[in-house]
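Here's the letter readout for the chains.
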Amino acid sequence: MSSHATTALLELNDIHVDYEGIISALRGVSLRVAPGEIVALLGSNGAGKTTTLKAASGLLGAERGAITRGNVRFEALSGAGLDPRRLAQAGLVQVLEGRRCFAHLSVHENLISGALGRRAPRAEVSADAERIYTLFPRLKVRIGSAAGLLSGGEQQMLAIGRALMVRPRLLLLDEPSIGLAPQIVEEIFDVITELNRTQGVSVLLAEQNARVALRHSHRAIVLENGRVALSGEAAELAERADVKSFYLGHAASEQGRLRALKLQQRGGASAAGEPPPRAPLSDVRDGTPPAV
Ligand SMILES: Nc1ncnc2c1ncn2[C@@H]1O[C@H](COP(=O)(O)OP(=O)(O)OP(=O)(O)O)[C@@H](O)[C@H]1O
Ligand SMILES: [Mg+2]
């Protein structure tokens, strides 16, 4: 992948982010995602992964966060606090952590709601929904079910499917694997890879599950304390001893366990057939609708 030869689709240049004017979360993060690339954003709890994604998608404002220095560029849009709606129209769409969907709407209604901003003809929206059911056959089976009744894995699929209804060029995913059984994680990452390969959708994904993320990405960036600690080709990083010991070994699984516990405490019960916890739709913490 000749990422550096191509013009980047997304570029973050020396981004600094503060929350509430005092908490420094990012201290000079630069990264780029080229067209057709899958880039993984790795790092432990609090490293700044979610903050980086939200800086890119213009969603920091809702968290009382702000870019205090640096610049974001996506396609022709450039600035330090871009409007998330304009970014979505330009093709940048974020799936938030916690699989936020509309719990009381059906699977199909959730998908259709993803296309509302596009003002596309009904037939086109239906055709897009059909394509998503082809990608995620489990969603087709649950087409009429309230989203709140889905398993954690199905909720993640629905959240991704809903984002795809916007027809993104760049998909930002925040910990798609969190709390899901390994088989479901594989299924989800296989779809991400397929979307990338067949439709050229670029992906920037934050993950604590470095093993899975490195296997499915072209490049990776490791964040530590709001800074880029390492970056490179995913396959090369996966072979490095320091990455292995910090992110692919015991420390990583312990962190994943703690993180999962955190989500469980926020969320509640787990689904049959999948290990605890999953993020339930009640994880629509503050009543705000999903980002797309
Ligand atoms: N809404 C917020 N208000 C204040 N501080 C925040 C807020 N969100 C994040 N932070 C702080 O910013 C830093 C980066 O957090 P961020 O959520 O980006 O990390 P992360 O890498 O996504 O972690 P995790 O793996 O736990 O999701 C942390 O110190 C965190 O406590
Ligand atoms: Mg996070």
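Look a little higher up for the structure.
Predicted model only: the values in this text are computed from it and were never measured.

Caption draft 1: Here's a closer look at the sheet that holds strand β8 (residues 202-207). The strand order β6-β7-β8-β3-β9-β10 describes an open sheet built from six strands, whose pairing is mixed. The open sheet has two edge strands, β6 (92-95) and β10 (227-233), and neither has a second partner. Neighbour-to-neighbour, the strand axes of this sheet turn through a mean angle of 15°, independent of strand direction.

Caption draft 2: Region of interest: the site of ligand 1. Neighbouring residues of ligand 1: 15 residues in total, closest Y19, A25, K49, T50 and T51. Of all the elements in the fold, those that place two or more residues in the shell around ligand 1 are β2 (23-33) and α1 (49-57). A breakdown of the residues in the shell around ligand 1 according to their chemical character gives four nonpolar, seven polar and four charged.

Caption draft 3: How the structure looks around the environment of G148. Along the chain, the position of G148 falls in the loop between α5 (137-141) and α6 (152-164). C-beta crowding within 10 Å serves as the criterion here: with 15 such atoms nearby, G148 is assigned to the partly exposed category. Linking G148 and S106, residues 42 residues apart in sequence, is a C-alpha distance of 8.5 Å.

Caption draft 4: Up close: the packing of helix α3 (residues 107-114) against helix α4 (residues 122-135). Relative orientation of the contacting elements α3 and α4 amounts to 120°, with a least axis distance of 10 Å. Classified by the angle their axes make, α3 and α4 are oblique. For the pair α3 and α4, the sense of crossing is right-handed. Along its contact with α3, which presents H108, L111 and I112, the element α4 presents V125, A129 and I132. When its residues are assigned to classes, the contact of α3 with α4 shows five nonpolar, one polar and no charged.

Caption draft 5: Local environment of the sheet that holds strand β1 (residues 10-19). If you trace the four strands from one edge of the open sheet to the other, you get β2-β1-β4-β5, paired in antiparallel fashion. Since the sheet does not close on itself, it has two edges, and those belong to β2 and β5 (77-79), each with one partner. Looking at each pair of strands side by side, their axes are set apart by 15° on average, direction ignored. Pairing between β1 and β2: eight bridges, direction antiparallel. Residue pairing in the sheet places Y19 in a bridge with I23 of β2. Lying over the sheet, α1 contacts β1, β2 and β4 (65-74), oriented at roughly 115° with respect to β1.

Rules of the game
- Residues numbered from 1 in each chain as written.
- Chains lettered and ligands numbered in written order.
- Predicted model: local features only at pLDDT ≥ 70, side-chain atom pairs only at ≥ 80, totals over all residues.
- Pairing = 2+ DSSP bridges.
- Helix = DSSP H or I, 4+ residues; strand = E, 2+ residues; numbered from the N terminus.
- Axes fitted to C-alpha atoms, helices over the stretch in contact; angles between N-to-C directions.
- Near = placed C-beta within 6 Å.
- Nonpolar A, V, L, I, M, F, W, Y, C, P; charged D, E, K, R; others polar.
- Buried ≥ 20, exposed ≤ 12 C-beta atoms within 10 Å, placed from the backbone.
- Parallel < 35°, antiparallel > 145°, perpendicular 65-115°, else oblique.
- Left-handed = near helix turned anticlockwise from the far one by under 90°.
- Contact = placed C-beta atoms within 7 Å.

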